[in-house]
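# Descriptive structure summary
In case you want the letters, here they are:
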Amino acid sequence: MSTVIAPATAPSTAAAPTTVKAYLRPIDRDGLMAFADKGRNNPSSRGTNKVHTVMEGQYRSLSYVGNHAPVVVDEPLHLFGQDTAPAPGEIVLSGLGGCLAVGITAVATWKQVKLTRLEVFMEGDIGNPAAWGADGALQKTPPEMGFQAIRVKVLVEGDAPREVLDEIVQHANYYSPVANTMRNPIPFTISLAD
């Protein structure tokens, strides 16, 4: 067995490695500030979201929003669906997660904090003992139906300390339209279409 001795090398003159941060794709801050100014000047303004849902069969439905591909909704097998898509409650939580993510991005942009990662994890405990009112536990009342508790965890990273990131998350939650819809009672009407 022979031993190989590596030749001596001159000290390296190469630059020290640098860390490259990849930030999330930013939004237009000037546009955001103009939108915020518009809201400040007209706080009673409202928009209207429109969705058209068509039942396909069993519990599978297609919800059409603008020119987008339909949002497919189904129920899991244990609730007599085909389990081909998320359940309605999961779609609601998806809307909540999307709204919170939008809000966190907006508040971070306002505060000039660049984000490198943003993920929202949600769990919702949902009650449906009345089997949608189909002769289940009919003595139950509406407050016992639907989400009974929602837990949200936010994984957020960026060029700000943890305390500032937490302030951003809390601020976005306070002003989230979807979170506030879920927290607050609102007028709700339903009727047969003409």
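Residues numbered from 1 in each chain as written. Predicted model: local features only at pLDDT ≥ 70, side-chain atom pairs only at ≥ 80, totals over all residues. Heavy atoms only, no water.

## Some thoughts on unusual backbone geometry
- Positioned with a positive phi, Q58 is a non-glycine residue whose angle comes to about 50 degrees.
- The class of Q58 is exposed, set by a relative accessible area of 54%.
- The backbone phi angle of Q112 is positive, close to 60 degrees, even though this residue is not glycine.
- Looking at the secondary structure, you find Q112 in the loop between α2 (88-110) and β4 (115-127). (Buried < 20%, exposed > 50% of the residue type's maximum accessible area, 1.4 Å probe, protein only. Helix = DSSP H or I, 4+ residues; strand = E, 2+ residues; numbered from the N terminus.)

## Describing the confidence of the model for the protein chain
- Looking at the protein chain, pLDDT values average 90 and 93% of them are 70 or higher.
- Taken element by element, the predicted model of the protein chain shows its lowest mean pLDDT in helix α1 (residues 29-41) (92) and its highest in helix α3 (residues 162-175) (98). (pLDDT = per-residue confidence, 0-100.)

## A few points about the pattern of salt bridges
- Tallied over the entire structure, the rule returns six salt bridges.
- As a salt-bridge pair, E56 and R60 come within 2.4 Å of each other at their nearest N and O atoms.
- With relative accessibility at 48%, the residue E56 sits in the partly exposed group.
- Note that E157 and R117 form a salt bridge whose closest N and O atoms lie 3.8 Å from each other. A residue pair is termed long-range when its members are at least 10 positions apart, and E157 in strand β5 (residues 146-158) and R117 in strand β4 qualify at 40 residues.
- We classify E157 as partly exposed; its relative accessible area is 35%.
- Relative accessible area serves as the criterion here: at 35%, R117 is assigned to the partly exposed category. (Salt bridge = Lys/Arg side-chain N within 4 Å of Asp/Glu carboxyl O.)

## Describing the layout of surface pockets
- Quantified by volume, the second largest pocket comes out at close to 590 Å³.
- If you trace the second largest pocket, you find 20 residues lining it, with L100, V152, K153, V154 and V169 closest to the centre.
- At the level of secondary structure, the elements contributing two or more residues to the lining of the second largest pocket comprise α2, β5, α3 and α4 (177-183).
- Classifying every residue of the lining of the second largest pocket gives 14 nonpolar, two polar and four charged. (1 Å grid on protein atoms, 1.4 Å probe; cavity = no way out; pocket = protein on both sides within 12 Å on 5 of 7 lines; lining within 4 Å. Points joined across faces, edges and corners; volume = space filled by probe spheres on them. Nonpolar A, V, L, I, M, F, W, Y, C, P; charged D, E, K, R; others polar.)

## Notes on the nonpolar core
- Within the largest apolar cluster, 12 residues are counted, these being I104, V107, A108, V113, L115, L118, V156, A160, L165, I168, V169 and A172.
- Elements supplying a minimum of two residues to this core: α2, β4 and α3.
- The element that contributes the greatest number of residues to this core is α3, accounting for four residues.
- Look past the residues within four positions of V113 in its chain and what remains in contact with it is A108, D159, A160, V164, L165 and I168.
- In terms of nonpolar packing, the next biggest core, distinct from the first, is built from five residues, L93, L96, V120 and A179 among them. (Core = buried A, V, L, I, M, F, W, Y, C linked by side-chain atoms within 4.5 Å. Contact = heavy atoms within 4.5 Å.)

## Overview of the packing of α2 against α3
- Axis separation between α2 and α3 bottoms out at 8 Å; the angle between their running directions is 125 degrees. Between α2 and α3, the interaxial angle falls into the category oblique. The two elements α2 and α3 cross, and the hand of that crossing is right-handed. Residues L100, G103, I104, V107, A108 and W110 of α2 pack against I168, V169, H171, A172 and N173 of α3.
- Residue classes in the contact of α2 with α3 are distributed as eight nonpolar, three polar and no charged. (Axes fitted to C-alpha atoms, helices over the stretch in contact; angles between N-to-C directions. Parallel < 35°, antiparallel > 145°, perpendicular 65-115°, else oblique. Left-handed = near helix turned anticlockwise from the far one by under 90°.)

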